[in-house]
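The primary structure of each chain is shown beneath.
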Amino acid sequence: MATTELKSDAIFELLKRFLETEEGIAVKNKVNLVYQFNIAPKKMGFDEVIYTIDLKKGEVIKGQYEGGKPDATFSLKDEDFIKLSNGKLNPQISFMRGALKIKGSLSAAQKFTPDIFPKPAKL
(Lines give C-alpha, C1' and ligand atoms only; values in the text may rest on other atoms or scores of the structure.)
Protein backbone atom coordinates (compact mmCIF):
# COMPACT_ATOMS: atom_id res chain seq x y z
CA MET A 1 0.00 0.00 0.00
CA ALA A 2 1.86 3.09 -1.27
CA THR A 3 0.02 5.53 1.02
CA THR A 4 1.36 3.97 4.23
CA GLU A 5 3.36 6.42 6.36
CA LEU A 6 6.54 4.96 7.79
CA LYS A 7 8.98 6.30 10.36
CA SER A 8 11.75 5.15 8.02
CA ASP A 9 10.56 7.50 5.22
CA ALA A 10 12.64 10.25 6.86
CA ILE A 11 15.75 8.04 6.87
CA PHE A 12 15.39 7.29 3.16
CA GLU A 13 15.03 11.04 2.51
CA LEU A 14 18.20 11.72 4.53
CA LEU A 15 20.02 8.98 2.64
CA LYS A 16 18.94 10.52 -0.66
CA ARG A 17 20.52 13.85 0.35
CA PHE A 18 23.59 12.13 1.85
CA LEU A 19 24.38 10.42 -1.47
CA GLU A 20 24.79 13.87 -3.04
CA THR A 21 27.63 14.79 -0.64
CA GLU A 22 31.32 13.92 -1.07
CA GLU A 23 31.10 11.30 1.66
CA GLY A 24 27.97 9.82 0.04
CA ILE A 25 29.65 9.68 -3.37
CA ALA A 26 32.58 7.82 -1.79
CA VAL A 27 30.13 5.26 -0.29
CA LYS A 28 28.40 4.87 -3.67
CA ASN A 29 31.71 4.28 -5.46
CA LYS A 30 32.84 1.78 -2.81
CA VAL A 31 29.65 -0.34 -2.73
CA ASN A 32 28.36 0.03 -6.34
CA LEU A 33 25.32 -2.26 -5.83
CA VAL A 34 21.51 -1.95 -5.92
CA TYR A 35 19.37 -2.75 -2.88
CA GLN A 36 15.63 -3.01 -2.54
CA PHE A 37 13.91 -2.64 0.83
CA ASN A 38 10.42 -3.96 1.53
CA ILE A 39 9.43 -2.11 4.70
CA ALA A 40 6.34 -3.30 6.57
CA PRO A 41 4.55 -1.01 9.04
CA LYS A 42 3.73 -3.82 11.49
CA LYS A 43 4.09 -7.34 10.04
CA MET A 44 6.37 -8.47 7.21
CA GLY A 45 4.51 -9.30 4.03
CA PHE A 46 1.61 -6.90 4.69
CA ASP A 47 1.24 -3.33 3.36
CA GLU A 48 4.93 -3.19 2.49
CA VAL A 49 6.40 0.02 1.12
CA ILE A 50 9.23 -0.56 -1.35
CA TYR A 51 12.35 1.57 -1.57
CA THR A 52 15.30 1.13 -3.92
CA ILE A 53 18.76 2.31 -2.94
CA ASP A 54 20.80 2.40 -6.15
CA LEU A 55 24.44 2.75 -5.15
CA LYS A 56 25.50 2.48 -8.80
CA LYS A 57 23.76 5.76 -9.65
CA GLY A 58 23.59 7.25 -6.16
CA GLU A 59 19.78 7.35 -5.99
CA VAL A 60 17.07 6.52 -3.48
CA ILE A 61 13.70 5.84 -5.11
CA LYS A 62 10.35 5.00 -3.57
CA GLY A 63 9.24 1.99 -5.60
CA GLN A 64 10.67 -1.13 -7.19
CA TYR A 65 13.97 -1.21 -9.04
CA GLU A 66 13.27 -0.94 -12.75
CA GLY A 67 16.73 -1.77 -14.11
CA GLY A 68 16.44 -5.55 -13.72
CA LYS A 69 16.87 -7.35 -10.42
CA PRO A 70 18.40 -5.65 -7.39
CA ASP A 71 21.60 -7.23 -6.07
CA ALA A 72 19.84 -7.92 -2.75
CA THR A 73 16.34 -7.38 -1.38
CA PHE A 74 15.72 -6.90 2.33
CA SER A 75 12.32 -7.35 4.00
CA LEU A 76 11.82 -6.08 7.53
CA LYS A 77 9.52 -4.09 9.81
CA ASP A 78 9.66 -0.31 9.95
CA GLU A 79 10.87 -0.23 13.57
CA ASP A 80 13.64 -2.74 12.79
CA PHE A 81 14.79 -0.66 9.81
CA ILE A 82 15.10 2.38 12.11
CA LYS A 83 17.25 0.34 14.53
CA LEU A 84 19.33 -1.09 11.66
CA SER A 85 20.05 2.32 10.16
CA ASN A 86 21.06 3.71 13.58
CA GLY A 87 23.43 0.80 14.17
CA LYS A 88 21.33 -0.48 17.11
CA LEU A 89 20.35 -3.72 15.38
CA ASN A 90 22.88 -6.27 14.20
CA PRO A 91 21.85 -7.37 10.67
CA GLN A 92 23.32 -10.87 11.05
CA ILE A 93 21.52 -11.56 14.31
CA SER A 94 18.20 -10.19 13.02
CA PHE A 95 18.58 -12.36 9.89
CA MET A 96 19.17 -15.47 12.01
CA ARG A 97 16.14 -14.63 14.17
CA GLY A 98 13.93 -14.14 11.10
CA ALA A 99 13.38 -10.41 11.69
CA LEU A 100 15.26 -9.64 8.47
CA LYS A 101 14.72 -11.58 5.26
CA ILE A 102 17.14 -11.43 2.34
CA LYS A 103 16.67 -12.38 -1.30
CA GLY A 104 19.43 -12.28 -3.87
CA SER A 105 23.17 -12.23 -3.29
CA LEU A 106 24.23 -12.75 0.31
CA SER A 107 27.68 -11.32 -0.45
CA ALA A 108 25.99 -8.14 -1.77
CA ALA A 109 23.77 -8.06 1.30
CA GLN A 110 26.81 -8.22 3.59
CA LYS A 111 28.18 -5.05 1.96
CA PHE A 112 25.10 -3.14 3.12
CA THR A 113 26.14 -2.04 6.59
CA PRO A 114 24.91 0.76 8.89
CA ASP A 115 28.02 2.72 7.76
CA ILE A 116 26.14 3.47 4.54
CA PHE A 117 23.69 5.65 6.45
CA PRO A 118 24.57 9.22 7.42
CA LYS A 119 25.04 9.69 11.14
CA PRO A 120 22.25 11.72 12.79
CA ALA A 121 23.30 15.06 14.23
CA LYS A 122 23.21 15.35 17.99
CA LEU A 123 20.82 18.06 19.17
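Residues numbered from 1 in each chain as written. Predicted model: local features only at pLDDT ≥ 70, side-chain atom pairs only at ≥ 80, totals over all residues. Heavy atoms only, no water.

Draft legend 1. Examining helix 2 (residues 22-31) more closely. By the burial criterion, the buried members of helix 2 are Gly24, Val27, Lys28 and Val31. Taken around the axis of helix 2, the buried residues stretch over an arc of 100°, which confines them to a single face. Away from the buried face of helix 2 by more than 90 degrees, exposed residues Glu22, Asn29 and Lys30 are located. Looking at the buried residues of helix 2, the elements they touch are helix 1 (9-18) and strand 1 (34-40). Within two residues after helix 2, Asn32 carries a phi angle of roughly 55°, on the positive side. (Buried < 20%, exposed > 50% of the residue type's maximum accessible area, 1.4 Å probe, protein only. Helix = DSSP H or I, 4+ residues; strand = E, 2+ residues; numbered from the N terminus. Arc of directions from axis to C-beta. Contact = heavy atoms within 4.5 Å.)

Draft legend 2. Looking closely at unusual backbone geometry. Positive phi, normally seen in glycine, also occurs at Asn32, with a value near 55°. Secondary-structure assignment places Asn32 in the loop between helix 2 and strand 1. Note on Asn32: relative accessible area 40%, which makes it partly exposed. A positive phi angle is found at Asp47, which is not glycine, with a value near 55°. Checked against the element boundaries, Asp47 lands in the loop between strand 1 and strand 2 (49-54).

Draft legend 3. Up close: the packing of aromatic side chains. Evaluated as defined, the whole model comprises nine aromatic pairs. Both rings, one in Phe37 and one in Phe74, keep their centres 4.9 Å apart while their planes meet at 20°; by these two values the pair is stacked. Of the two residues, Phe37 sits in strand 1 while Phe74 sits in strand 4 (residues 72-77), which places them 37 residues apart along the sequence. Overall, Phe37 belongs to the buried group, its relative accessible area being 0%. Residue classification places Phe74 among the buried positions, given a relative accessible area of 4%. Judged by centre distance (5.6 Å) and plane angle (45°), the rings of Phe74 and Phe112 are tilted. Of the two residues, Phe74 sits in strand 4 while Phe112 sits in the segment after helix 5 (106-110), which places them 38 residues apart along the sequence. For Phe112, a relative accessible area of 6% translates into the label buried. Taken together, the aromatic side chains of Phe12, Tyr35, Phe37, Tyr51, Phe74, Phe81 and Phe112 make up a single cluster linked through ring pairs. (Phe/Tyr/Trp six-rings, centres within 6.5 Å; stacked < 30°, edge-to-face > 60°.)

Draft legend 4. Layout of the nonpolar core. Among the nonpolar cores identified, the biggest contains 28 residues, and Tyr35, Phe37, Ile53 and Phe74 are the most heavily contacted of them. Broken down by secondary-structure element, the contributors of at least two residues to this core are helix 1, helix 2, strand 1, strand 2, strand 4, helix 3 (78-85) and helix 5. Among the elements that make up this core, the one with the highest residue count is helix 1 (four residues). Setting aside chain neighbours within four positions, we find Phe74 in contact with Tyr35, Gln36, Phe37, Asn38, Leu100, Lys101, Ile102, Ala109 and Phe112. (Core = buried A, V, L, I, M, F, W, Y, C linked by side-chain atoms within 4.5 Å.)

Draft legend 5. The UniProt feature "domain: SCP2" (unreviewed entry) in the protein chain, seen in detail. As annotated in UniProt, the feature "domain: SCP2" (unreviewed entry) corresponds to residues 28-113 in the numbering used here. Structurally, residues 28-113 is divided into 27% helix and 33% strand, and its ends, taken at the C-alpha atoms, are 13 Å apart. (UniProt positions renumbered as here; feature names shortened; annotations may be inferred.)

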